[in-house]
Amino acid sequence: KHSFIPWLPSGLVSAVCGPDAAGAQGVRWCKQESEGILCISSWGKLAQVREQVISDGISFEIENPIVIPPASGQATASMIFLHGLGDSGDGWADVAGQLSGRMKNMRFIFPHAPRRPITLNWGMQMPGWYDIASLEDINQKEDEAGLQESMRFVEELVAKEVAAGVPAHRVVVGGFSQGGAVALLMLRAPTKLGAVLGLSTYLPLANAPVVLSDANKATPVLMCHGDADQVVAYQFGRATHSKLAQLGADVDFATYQGMGHSACGAELKDIEEFLAKHMS
């Protein structure tokens, strides 16, 4: 049910449509039509596509994000929150209920990452925003193409919120672990965002020419990390905070003693305060 979300221009999507006549899996460019997904191009190389969707060669189901409407019924702000590796939007959807008490005018969007092979997990397919090869050298052998595709996907979600009447500067992008890495990637987007949340995460593509766009130099950022994180090391989060601060970002860093690669009540309270301060 997870597919390559159509963030490509003109409604184009890509899918693994196989096997072909020779018995090999391959990629076609496809287009969204009213009756489903219509394949419109010849076979390409499997390595050229980042999302692997096994379908019947003609159509497949696209799983939409979880959208939780504002408690007030009128959205004047939105938060897009990206889950971590192997999870889904369902894993974080309950957070909306914990935050909506003070953020009554905020719409919450929890997308689902598409399934892809993850090198770190011996090539096993699981929901992920990009491939990752190592937790020790986290900025080595980065999946730049996958990261950029996920960034474009989030940019499309932001554009949908704008089309629905919420200005981009009233949209928060946040995430946990892998999702947080993509959220921090959005600081280099050309569109001004309302705020960015990075939980138990790090800055990907940290040596890129642009890490902080002119539009988002003043965008408030909250990073949260447990000092006992056994997955994304605490020092990676600290190093990210230092780099962003050196670049002039408006970034705060909160440490949670004894917390591993997870979340806690104190962290959610800090997030609530951060949102109330910047998005009320």
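Bear in mind that the values here come from a model prediction, so they are computed numbers and not experimental data.

**Looking at the overall build of the chain**
Logical step 1: Helix and strand content of the chain: five helices and twelve strands.
Logical step 2: In the chain, buried positions account for 53% of the 280 residues.
Logical step 3: The contacts in the chain between residues at least 6 apart in sequence include a share of 66% that link residues at least 24 apart.
Logical step 4: Just so you have it, the chain exposes about 12300 Å², and 52% of that area is on carbon and sulfur atoms.

**Side note on the pattern of salt bridges**
Logical step 1: Summed over the entire model, instances satisfying the criterion amount to five salt bridges.
Logical step 2: Notably, a salt bridge pairs Glu272 with Lys269, separated by 3.3 Å at the nearest N-O pair. Note that Glu272 and Lys269 are positioned in helix H5 (residues 265-279) at a spacing of three residues, about one turn of the helix.
Logical step 3: A residue is classified by how much of its surface remains accessible, and Lys269, at 44% relative accessible area, is partly exposed.

**Concerning the side chain of Arg116**
Logical step 1: Relative to the elements of secondary structure, Arg116 occurs in strand E7 (residues 115-118).
Logical step 2: Residue classification places Arg116 among the buried positions, given a relative accessible area of 1%.
Logical step 3: In this structure the side chain of Arg116 is engaged in a polar contact, spanning 3.3 Å, whose partner is the backbone oxygen of Trp129.

**Description of the environment of Gly265**
Logical step 1: Structurally, the position occupied by Gly265 is in helix H5.
Logical step 2: Overall, the relative accessible area of 54% leaves Gly265 in the exposed class.
Logical step 3: For the pair formed by Gly265 and Gln98, sequence separation is 167 residues and the distance between their alpha carbons is 9.9 Å.

**Things to note about the confidence of the model for the chain**
Logical step 1: Mean pLDDT for the chain: 83, with 78% of residues reaching 70 or above.
Logical step 2: Note that pLDDT drops below 50 for residues 1-29; the model gives that stretch 94 contacts with residues more than four away or on any other chain.
Logical step 3: Overall, residues 31-62 carries pLDDT values under 50, and its contacts beyond four positions in sequence, including any with other chains, amount to 84 contacts.

**Remarks on the sheet that holds strand E4 (residues 66-68)**
Logical step 1: One open sheet holds the seven strands; their spatial order is E4-E6-E5-E9-E10-E11-E12, and the pairing between them is mixed. The strands lining the two open edges of the sheet, one partner per strand, are E4 and strand E12 (250-256). Averaged over all adjacent pairs, the angle separating strand axes in this sheet is 15°, with direction ignored.
Logical step 2: Both strand E5 (residues 77-82) and strand E9 (residues 171-176) contribute to a ladder of five bridges, which runs parallel. From the neighbouring strand, Ser78 faces E9, where its bridge partner is Val171.
Logical step 3: Along the sheet, helix H4 (residues 234-246) contacts strand E11 (220-226) and E12; its crossing angle with E12, the most-contacted strand, is approximately 160°.

**A look at the side chain of Glu267**
Logical step 1: Its location among the elements puts Glu267 in helix H5.
Logical step 2: Within the buried core, Glu267 has no salt-bridge partner, and the shortest N-O distance to an opposite charge, that of Arg238, equals 13 Å.

**Section: the nonpolar core**
A general trend in soluble globular proteins is that nonpolar side chains are found buried together.
Logical step 1: With 46 residues, the main nonpolar core has Tyr130, Val158, Val173, Leu184, Met186, Tyr202 and Leu244 as its most contacted residues.
Logical step 2: Secondary-structure elements contributing two or more residues to this core are E5, helix H2 (144-163), E9, helix H3 (178-185), E11, H4 and E12.
Logical step 3: Here this core gets six residues from one element, more than from any other, and that element is H2.
Logical step 4: Setting aside anything within four residues of it in sequence, one finds Val173 in contact with Ile80, Val154, Val158, Ala183, Met186, Leu193, Ala195, Val196 and Leu197.
Logical step 5: Ala77, Ala93, Leu222 and Ile271 belong to the second largest nonpolar core, which has 29 residues in total.

**Overview of the environment of Asp131**
Logical step 1: Position of Asp131 relative to the elements: it lies in the loop between strand E8 (124-127) and H2.
Logical step 2: C-alpha of Asp131 to C-alpha of Arg116: the two residues are 15 residues apart in sequence and 7.4 Å apart in space.
Logical step 3: Leave out the neighbours within four places in its chain, and Asp131 touches Arg116, Pro117, Ile118, Thr119 and Asp143.
Logical step 4: At 2.6 Å, the side chain of Asp131 and the side chain of Thr119 are in polar contact.

**As for the pairing of E11**
Working note: regular strand, side chains alternate between the two faces of the sheet.
Logical step 1: Judged by how many residues are buried, E11 sits mostly within the fold: seven of seven residues are covered.
Logical step 2: What you see with E11 is no split at all: Pro220, Leu222, Cys224 and Gly226 on one side and Val221, Met223 and His225 on the other are buried throughout.
Logical step 3: Bridge analysis of strand E10 (residues 195-199) against E11 gives four bridges, and the strand direction is parallel. Within the sheet, the bridge partner assigned to Leu197 lies in E11 and is Leu222.
Logical step 4: Pairing between E11 and E12: seven bridges, direction parallel.

Cut-offs and rules
- Residues numbered from 1 in each chain as written.
- Predicted model: local features only at pLDDT ≥ 70, side-chain atom pairs only at ≥ 80, totals over all residues.
- Heavy atoms only, no water.
- Helix = DSSP H or I, 4+ residues; strand = E, 2+ residues; numbered from the N terminus.
- Buried < 20%, exposed > 50% of the residue type's maximum accessible area, 1.4 Å probe, protein only.
- Contact = heavy atoms within 4.5 Å.
- Areas by Shrake-Rupley, 256 points an atom, 1.4 Å probe, with all protein chains shown as cover.
- Salt bridge = Lys/Arg side-chain N within 4 Å of Asp/Glu carboxyl O.
- Polar contact = N/O pair within 3.5 Å; in protein donor to acceptor, adjacent residues only side chain to side chain.
- pLDDT = per-residue confidence, 0-100.
- Pairing = 2+ DSSP bridges.
- Axes fitted to C-alpha atoms, helices over the stretch in contact; angles between N-to-C directions.
- Lys, Arg positive; Asp, Glu negative; His and termini not counted.
- Core = buried A, V, L, I, M, F, W, Y, C linked by side-chain atoms within 4.5 Å.

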